[in-house]
Amino acid sequence: MTPAAAPDAPLLQVGAITKTFGGFTALDNISVDIRKGERFGLIGPNGSGKTTLINCISGALRPQTGNVIFCGEDITQLPPHLRARRGIARSFQIPRPFKSMTVLENLMVGLDFAKVDSSLPEEDVAMSILTRMGLASKASAPTGTLSQVELRKMELARAMAVRPKLLISDEAMAGLSSSEVDEVLDLLISLGEEDITIIMIEHIMQAVMRFSERVMCLDAGKIIAIGAPAEVMGNKRVQEAYLGT
Ligand SMILES: Nc1ncnc2c1ncn2[C@@H]1O[C@H](COP(=O)(O)OP(=O)(O)OP(=O)(O)O)[C@@H](O)[C@H]1O
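Only a predicted model underlies this, so the values are computations on that prediction, with no experimental measurement involved.

Caption draft 1: Up close: the overall build of the protein. For the protein, the helix and strand inventory stands at nine helices and 10 strands. Expected size for 245 residues packed as a compact globule is a radius of gyration near 18 Å; at 18 Å, the protein falls within 12% of this value. When the backbone C-alpha atoms are referred to their principal axes, the protein occupies close to 50 × 45 × 35 Å. Split into buried and exposed, the 245 residues of the protein put 39% on the buried side. Here the contacts in the protein between residues at least 6 apart in sequence split such that 64% fall between residues at least 24 apart.

Shown next, in the form of C-alpha cells:
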C-alpha cells in the first residue's frame, strides 16, 4: 500500500541526489522540495543537468546516491512505468506520436498504459482530455496532419492521460511562435490551477518568468539559484552562467 503523505508534506522531495556517468558528475548533491500545485521552472545552460534531474525523478535514470520521495513514498528504486502509475507524467520536447493513428487513438494508448480506473468508457475519458486541451475537433485527424502547436498540445494530452499529480514539461514550447507559446503556457497554467504540480524545463525566458512561481537554475550539476523568478533572473551567478550578461 502507498503510504499517505502528511497534509503539508511536499509532493516531491529530491534528497541529496548525485548522478555520475563514468567519472563525470552530472548532478552533484541536489536537494529540492516541490509543493503540491506548484509551478516550478527549471533552467540552466546546456549540459547543466536539467534532463538528468528529470530522468532521476521520472525513473529513466537511478542516482548513485540520494533519494526521490513522491507523496511520502520513496520511489528511488521504482521503474518509470510504476512512477507513471503513481502520478508522474512527462511530456517530451520532440513529440513522439504513433503517426499512423488518429489523435484519439494515440490518447487511448496512453490511457491503456496508465491503467487508470474509470467508470467512463476509455473513449469518453480520452475525448474529455482532448476537449480540455482544445483538440476535440482534431480527434479523428491522423497525427501527421497536426501543426507544431497541436502536436505539443497532443503531447501534453498524452501526459494528462495518466491523470498526473506531477507533470514534467520538457521544452514544450521550443520552436513555437510567441502567440503559440502563450497558448501552451495558458494551458499549463490552467492545469496548475487544477492542483497539478508542474515542473517546466524551458529556455524561453519570457515563458519561464510568466509561468513559474519558483525557478531553480542549475550549472554544472549544482543548484546556483532557487527562488522567485525575478530574484533568480537578477542573480549574478545566473546571469554569468546562463543569461550571458
Ligand atoms: N547517458 C549519459 N552518458 C554520459 N554522459 C551523459 C549522459 N547523459 C547526460 N550526460 C552528460 O551529463 C551532463 C548533463 O546533461 P543533461 O542532458 O542533463 O543537461 P541539460 O541541462 O538537460 O542540457 P540541455 O539543455 O542541452 O538539454 C552533460 O554534460 C551530458 O553530456
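Structure shown, so let's carry the discussion forward.
Caption draft 2: The arrangement of the sheet that holds strand E6 (residues 88-91) in detail. Taken in spatial order, the six strands make up an open sheet running E6-E7-E8-E3-E9-E10, and their pairing is mixed. If you trace the sheet from one side to the other, it starts and ends with E6 and strand E10 (222-227), each paired once. Pairs of neighbouring strands in the sheet enclose a mean axial angle of 20°, with direction left out of account. Bridge analysis of strand E7 (residues 166-170) against strand E8 (residues 197-201) gives five bridges, and the strand direction is parallel. Pairing of Asp170 across the sheet is with Ile201, part of E8. Packed onto the sheet, helix H1 (residues 50-58) meets strand E3 (39-43), E6, E7, E8 and strand E9 (214-219) and runs at close to 150° relative to E7. Together, E3, E9 and E10 form the strand contacts of helix H9 (residues 236-243), whose direction differs from that of E10 by roughly 120°.

Caption draft 3: Just the site of the ligand, in detail. In the neighbourhood of the ligand, the contacting residues comprise Phe21, Phe24, Ala26, Gly44, Asn46, Gly47, Ser48, Gly49, Lys50, Thr51 and Thr52. Secondary structure elements with two or more residues in the shell around the ligand: strand E2 (24-34) and H1. Top element by residues in the shell around the ligand is H1. It accounts for three residues. Its residues assigned to classes, the shell around the ligand comprises three nonpolar, seven polar and one charged.

Caption draft 4: Representation of the sheet that holds E2. Taken together, four strands build an open sheet; the order of strands is E2-E1-E4-E5 and the sheet is antiparallel. Both outer strands of the open sheet, E2 and strand E5 (73-74), are each paired with one neighbouring strand and no more. Relative to strand E4 (residues 65-70), strand E1 (residues 12-21) is paired through five bridges, and the arrangement is antiparallel. Paired with Thr18 across the two strands is Thr65, which belongs to E4. Against the sheet, H1 makes contact with E1, E2 and E4, and its axis sits at roughly 120° relative to E1, the strand it touches most.

Caption draft 5: Here's a closer look at unusual backbone geometry. A positive phi angle is found at Asn29, which is not glycine, with a value near 60°. Secondary-structure assignment places Asn29 in strand E2. Residue classification places Asn29 among the partly exposed residues on the basis of 14 C-beta atoms within 10 Å. Unlike most non-glycine residues, Cys71 shows phi in positive territory, near 50°.

Caption draft 6: Main features of the pairing of E3. Extensive coverage of E3 is indicated by the burial of five of its five residues. What you see with E3 is no split at all: Arg39, Gly41 and Ile43 on one side and Phe40 and Leu42 on the other are buried throughout. Bridging between E3 and E8 involves four bridges; their strand directions are parallel. The residue of E8 that forms the bridge with Arg39 is Ile198. One ladder, built from four bridges, connects E3 with E9; its direction is parallel. Each bridged residue has a counterpart across the sheet, and for Phe40 the counterpart in E9 is Arg214.

Caption draft 7: Spotlight on the environment of Gln13. Within the fold, Gln13 resides in strand E1. Here the alpha-carbon distance between Gln13 and Ile57, two residues 44 residues apart in the chain, equals 9.5 Å.

Caption draft 8: Quick peek at the packing of helix H5 (residues 148-160) against helix H6 (residues 178-193). Here H5 crosses H6 at 15°, and the two axes come no closer than 10 Å. Overall, the two elements H5 and H6 adopt an arrangement that is roughly parallel. Along this stretch, H5 crosses H6, giving a crossing that reads as right-handed. Along the contact surface, H5 presents Val149, Arg152, Lys153 and Leu156, while H6 presents Glu180, Glu183, Val184 and Leu187. Tallied by class, residues from the contact of H5 with H6 come to four nonpolar, no polar and four charged.

Rules used in this analysis
Per chain, residue numbering runs from 1 following the sequence as it is written. Only residues with pLDDT of 70 or above have their local features reported here, since the model is predicted, and side-chain atom pairs are shown and tallied only from 80 upward, although totals for entire chains, interfaces and linings are computed over all residues. What counts as a helix is a DSSP run of H or I of at least four residues, what counts as a strand is a run of E of at least two, and both are numbered from the N terminus. Restricting the calculation to C-alpha atoms gives the radius of gyration, and the globule rule supplies 2.2 Å times the number of residues raised to the power 0.38. Exposure in this text rests on C-beta crowding, where 20 or more other C-beta atoms within 10 Å of a residue's own make it buried, 12 or fewer make it exposed, and counts in between make it partly exposed. The C-beta atoms are placed from the backbone. Throughout, a residue-residue contact means that the two C-beta atoms, derived from backbone geometry, are no farther apart than 7 Å. Any two strands with at least two DSSP bridges between them are considered paired. Interaxial angle, 0 to 180 degrees, is taken between N-to-C directions of lines fitted to C-alpha atoms, where a helix line uses only the stretch in contact. Residues are classed as near a molecule or strand if the C-beta position derived from their backbone is within 6 Å of it. Under the scheme applied here, ten amino acids are nonpolar (Ala, Val, Leu, Ile, Met, Phe, Trp, Tyr, Cys and Pro), four are charged (Asp, Glu, Lys and Arg), and all others, including Gly, are polar. Geometric relationships in this document are graded by angle, where less than 35 degrees denotes roughly parallel, more than 145 denotes roughly antiparallel, 65 to 115 denotes roughly perpendicular, and other angles denote oblique. A clockwise turn of the near helix away from the far one marks a right-handed crossing, whereas an anticlockwise turn of less than a right angle marks a left-handed crossing.

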